[in-house]
Number of protein chains: 2
Amino acid sequence: MLPDSNKKTEIDPFGTSIVADYERLYKEFGIEPFKPLLSKVPTPSFYMRRGIIFGHRDFDRILSAMHKHEEFAVLSGIKPTGEFHLGTLMTAKEIIYFQQQGAQTFYCIADIEAYEDNKISFKKSEKIAVDNVADMLALGLDPKRSYIYRQSKEIRVRDLAIIFGRAATLATMKAIYGKRHIGLYLSALVQAGDILLPQLESFGGPKATVIPVGIDQDPHIRFTRDLAQRFHRKYNFILPSSTLHKLMKGLDGSPKMSKRQMNYFTLHDSLETIKERISNAFTGGRATIKEQRELGGIPEICPVYEMCLFHFVEDDDDIVKIYHDCKTGKLLCGEHKKQTIEIVLKFVKEHRRKKKKFIDKAREVLQLE
Amino acid sequence: MLPDSNKKTEIDPFGTSIVADYERLYKEFGIEPFKPLLSKVPTPSFYMRRGIIFGHRDFDRILSAMHKHEEFAVLSGIKPTGEFHLGTLMTAKEIIYFQQQGAQTFYCIADIEAYEDNKISFKKSEKIAVDNVADMLALGLDPKRSYIYRQSKEIRVRDLAIIFGRAATLATMKAIYGKRHIGLYLSALVQAGDILLPQLESFGGPKATVIPVGIDQDPHIRFTRDLAQRFHRKYNFILPSSTLHKLMKGLDGSPKMSKRQMNYFTLHDSLETIKERISNAFTGGRATIKEQRELGGIPEICPVYEMCLFHFVEDDDDIVKIYHDCKTGKLLCGEHKKQTIEIVLKFVKEHRRKKKKFIDKAREVLQLE
């Protein structure tokens, strides 16, 4: 049925009310819609099929490399400020997907950014990084085919940051971050260094590179593409490509997950907490059961539905069924929450079991004794 | 006679018309006058005796270390943008002086700053640095008792820059540099890293450190002292001390040497050029010889006199004599230029002869093959 689910139903089980905004807001920045490329992707990912990856920059380059069996790279990373949550999990899965498609894989622990932006000491970062890397390995990242590093230990990235410094104006920095301290601006240069690292001679030189990010990270991609252009003569950089995914809502229905609002859970939270958070989540349900039976729910605004769509219901047919059962008033919120809690807890337990075995490997990969 | 030359003469042969401005301008920034300390310095340097070092920050700490035979450090450096001139020569002599007084010695090649501020590539910096270091060795720097390094190769300095980044506000950066690109601000953080490098555990931990600088560099000292304070808990830094020297005028009598105005010479210029530049220099002479015989010259505004005072007339009695002979109309500009050219060329020839022998050593010190 997929990717043409629209033919079957009047409304799109993979759409959300926010998509229109994305398109309206970002088209003017030169983001291309992903949909026209979908049929050309050899094995589209879950996020591609479901339209969660809704946009891209220069993804054609990656497709071309895939088709011609040329070398290409994927890079992403994590700011080691805490445990994996459903947001970081998205990028994680995207990297692993591209690795499985043959990409040279780079995973960056953004400890400089964690320090400059969140005042996380490098010592503390180290500890969190071990946990994050163990998560990645448990999710299926192949360490043998990955370069996993910490910004603070990767001299080449910092060399690039210094080189790029000449071309980073105050105006650009303010546009991305607002008025902040210099350290944060510095970390933006370091991040640009991360993104272009796969193209250095020591990694085989210039190549198509895809950076899977949430739409909120697009300014960094734009900034880095601009630097790649300016330093083209020196390094022969190919402008990095990106895929852009939608952001997950908070469990309270607000448009973003936020530490302050505690409107999400992490893979480290107790099973009890996770269960409670989902039980108490906002939904797209109606005021009364009667009303819901008559009118149906509104999955488009429902974070529990979104959780299933983004992560926990793997089969596309299954998610379409949930969508329809909700829309037609057949599936009520209580029942759906119960089902979801079951799948989530099963995943979390299984993930933890796997992860335990990878802690030592994670320490080894990060070159910690 | 020195340091109390004022008792002997009504006016100070070591004063210039600009001193008053220095004192008026900088006292409000917390700079202390150097003169009261002079009698406590075991062996005052040429620049101290002559009041060319007119101010300081916390130099008492250095005196105390000298007297108690405790460890202390001196650090300065050069931005590898060109050949040594009479300005860079001042700092060079100051470092060597402190080394001879027992200081642990650090000499930094500011290649990151040269890149960010002047777009000098690291490759070009390398070449200039060899030349600069050979100059230092020819002037008497003992490489065995010095740590000579390039910013771009000194990871600890860059680690410090990243740590300090959190505390560097945009407002401070703009106050020091104006609105510039982020790379230049980054180089200010790197410079703060240089200044505090001698206090890291790998160099024996916190210690009094003197940074001999021209008054124009004081904002950097202030910035670094502020950072040392903020990161005191983490590193136990002792606030760095400084000595502040007056700046040399341009040969055209303008207050600063400037590449654009070509109003100075370098130790690399041909003997012919040096001779010509001095011959054509502005002086403190009168319109006619008759007038000068009657009224005397004005050494206070004369760059040729200043050249002698700052560098080429080593004996304090000799410079006092020149001052008086000028003031009383006995010594005319033509004659004084002739004398000065002779001393300068003799110095330059002798310096080049010595320097030649140090090129290989300089490459070795900079770890170039």
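The model shown is predicted, which means the values in this text are computed figures rather than measured ones. (Residues numbered from 1 in each chain as written. Chains lettered and ligands numbered in written order. Predicted model: local features only at pLDDT ≥ 70, side-chain atom pairs only at ≥ 80, totals over all residues.)

**Examining the overall build of chain A**
Next up, step 1: When helices and strands are counted, chain A shows 18 helices and seven strands.
Next up, step 2: In terms of overall size, chain A behaves like a compact globule, its C-alpha atoms giving a radius of gyration of 21 Å where 369 residues would be expected to give roughly 21 Å.
Next up, step 3: Along the three orthogonal principal directions, the C-alpha set of chain A runs to about 65 × 45 × 40 Å.
Next up, step 4: In chain A, once contacts between residues fewer than 6 apart in sequence are set aside, the share between residues at least 24 apart is 74%. (Helix = DSSP H or I, 4+ residues; strand = E, 2+ residues; numbered from the N terminus. Rg over C-alpha atoms; globule rule 2.2 N^0.38 Å. Contact = placed C-beta atoms within 7 Å.)

**Observations concerning helix 8 (residues 155-165) of chain B**
Next up, step 1: In terms of burial, helix 8 of chain B is a largely internal element, eight of the eleven residues being buried.
Next up, step 2: If you follow the buried residues of helix 8 of chain B, they end up packed against helix 6 (111-118), helix 8 (155-165) and helix 10 (182-196) of chain A together with helix 10 (182-196) and helix 11 (218-230) of chain B. (Buried ≥ 20, exposed ≤ 12 C-beta atoms within 10 Å, placed from the backbone.)

**Looking at the sheet that holds strand 3 (residues 72-78) of chain B**
All names here are of chain B.
Next up, step 1: In space, the seven strands of this open sheet follow the order 1-2-7-6-3-4-5, with mixed pairing throughout. Of all the strands in the sheet, just strand 1 (32-33) and strand 5 (146-150) have a single pairing partner and so form its edges.
Next up, step 2: The sheet contact formed by strand 6 (residues 208-214) and strand 7 (residues 241-245) spans five bridges and is parallel. When the bridges of strand 7 are listed, Pro212 appears paired with Thr243. (Pairing = 2+ DSSP bridges.)

**Looking at the environment of B:Asp318**
Next up, step 1: Relative to the elements of secondary structure, B:Asp318 occurs in helix 16 (residues 316-327).
Next up, step 2: Under the C-beta neighbour-count criterion, B:Asp318 is labelled exposed, with 11 such atoms within 10 Å.

**A few points about the relation of the copies chain A and chain B**
Next up, step 1: Laying chain A over chain B is done by rotating through 180 degrees and shifting 0.0 Å along the axis; what remains is an RMSD of 0.0 Å. Considering both components of the superposition, the chain copies are consistent with a two-fold axis.
Next up, step 2: Looking at chain A, 100% of its interface residues are interface residues in chain B too, so the copies touch through the same face. (Least-squares fit on C-alpha atoms with pLDDT ≥ 70 in both.)

**Some points on the nonpolar core**
Here is a general trend for soluble globular proteins: nonpolar side chains tend to be buried in one another's company.
Next up, step 1: If you look at the biggest cluster of nonpolar residues, it comprises 189 residues, and the most contacted ones within it are A:Val133, A:Leu189, B:Val133 and B:Leu189.
Next up, step 2: If sequence neighbours within four positions are ignored, A:Val133 has contacts with A:Ile148, A:Ala362, A:Val365 and A:Leu366. (Core = buried A, V, L, I, M, F, W, Y, C linked by C-beta atoms within 7 Å.)

**What to know about the domain arrangement of chain A**
All names here are of chain A.
Next up, step 1: Assigned domains of chain A: these are domain 1 (5-250) and domain 2 (271-354).
Next up, step 2: In this structure, domain 1 and domain 2 have C-alpha centres spaced 29 Å apart.
Next up, step 3: Listed by partner, the interface residues are 16 residues for domain 1 and 14 residues for domain 2.
Next up, step 4: The dominant element in the side of domain 1 that touches domain 2, judged by the number of residues it contributes, is helix 5 (residues 86-100), at three residues. (Domains from an automatic or database assignment.)

**Considerations on the pairing of strand 2 (residues 53-57) of chain B**
Residue and element names in this part refer to chain B.
Next up, step 1: Burial analysis of strand 2 places five of its five residues in the buried class, the great majority of the element.
Next up, step 2: In this structure, strand 1 lies alongside strand 2, joined through two bridges in antiparallel fashion. Across the sheet, the residue bridging to Pro33 is Gly55, located in strand 2.
Next up, step 3: Where strand 2 meets strand 7, four bridges bridge the pair, whose relative direction is antiparallel. Across the sheet, Arg57 pairs through a bridge with Ser242, a residue of strand 7.

**A look at the interface of chain A and chain B**
Next up, step 1: Of the residues lining the interface, 20 residues belong to chain A; the matching set on chain B comes to 20 residues.
Next up, step 2: Contributing elements (two or more residues each) for the side of chain A that touches chain B: helix 6, helix 8, helix 9 (170-177) and helix 10 of chain A.
Next up, step 3: Its residues assigned to classes, the side of chain A that touches chain B shows eleven nonpolar, four polar and five charged. (Nonpolar A, V, L, I, M, F, W, Y, C, P; charged D, E, K, R; others polar.)

**So, unusual backbone geometry**
Residues and elements named next belong to chain A.
Next up, step 1: Unlike most non-glycine residues, Asp58 shows phi in positive territory, near 50 degrees.
Next up, step 2: Structurally, Asp58 can be placed in the loop between strand 2 (53-57) and helix 4 (59-68).
Next up, step 3: A residue is classified by how many C-beta atoms lie within 10 Å of it, and Asp58, with 19 of them, is partly exposed.

**Examining the packing of helix 10 of chain B against helix 11 of chain B**
Residues and elements named next belong to chain B.
Next up, step 1: Running from N to C, helix 10 and helix 11 point in directions that differ by 70 degrees, and their axes come no closer than 9 Å. Classified by the angle their axes make, helix 10 and helix 11 are roughly perpendicular. Residues Ala188, Gln191, Ala192, Ile195 and Leu196 of helix 10 touch helix 11, and the partners they reach there are His220, Phe223, Thr224, Leu227 and Ala228. (Axes fitted to C-alpha atoms, helices over the stretch in contact; angles between N-to-C directions. Parallel < 35°, antiparallel > 145°, perpendicular 65-115°, else oblique.)

**A closer look at helix 16 (residues 316-327) of chain A**
Since one α-helical turn is 3.6 residues long, residues separated by three or four positions face the same way.
Residue and element names in this part refer to chain A.
Next up, step 1: For helix 16, built from twelve residues, the straight-helix expectation of 16 Å at 1.5 Å per residue is met to within 8% by its first-to-last C-alpha distance of 17 Å.
Next up, step 2: Considered for burial, the residues of helix 16 that qualify are Ile319, Ile322, Tyr323, Cys326 and Lys327. Along the axis of helix 16, the buried positions cluster into a sector of 130 degrees, meaning they face one direction only. Seen from the open side of helix 16, the exposed residues pointing more than 90 degrees away from its buried face are Asp317 and Asp318.
Next up, step 3: Contacts from the buried residues of helix 16 go to helix 15 (303-312) and helix 17 (333-356).
Next up, step 4: Just downstream of helix 16, Gly329 is the residue with a positive phi angle, here 75 degrees. (Expected span 1.5 Å × (residues − 1). Arc of directions from axis to C-beta.)

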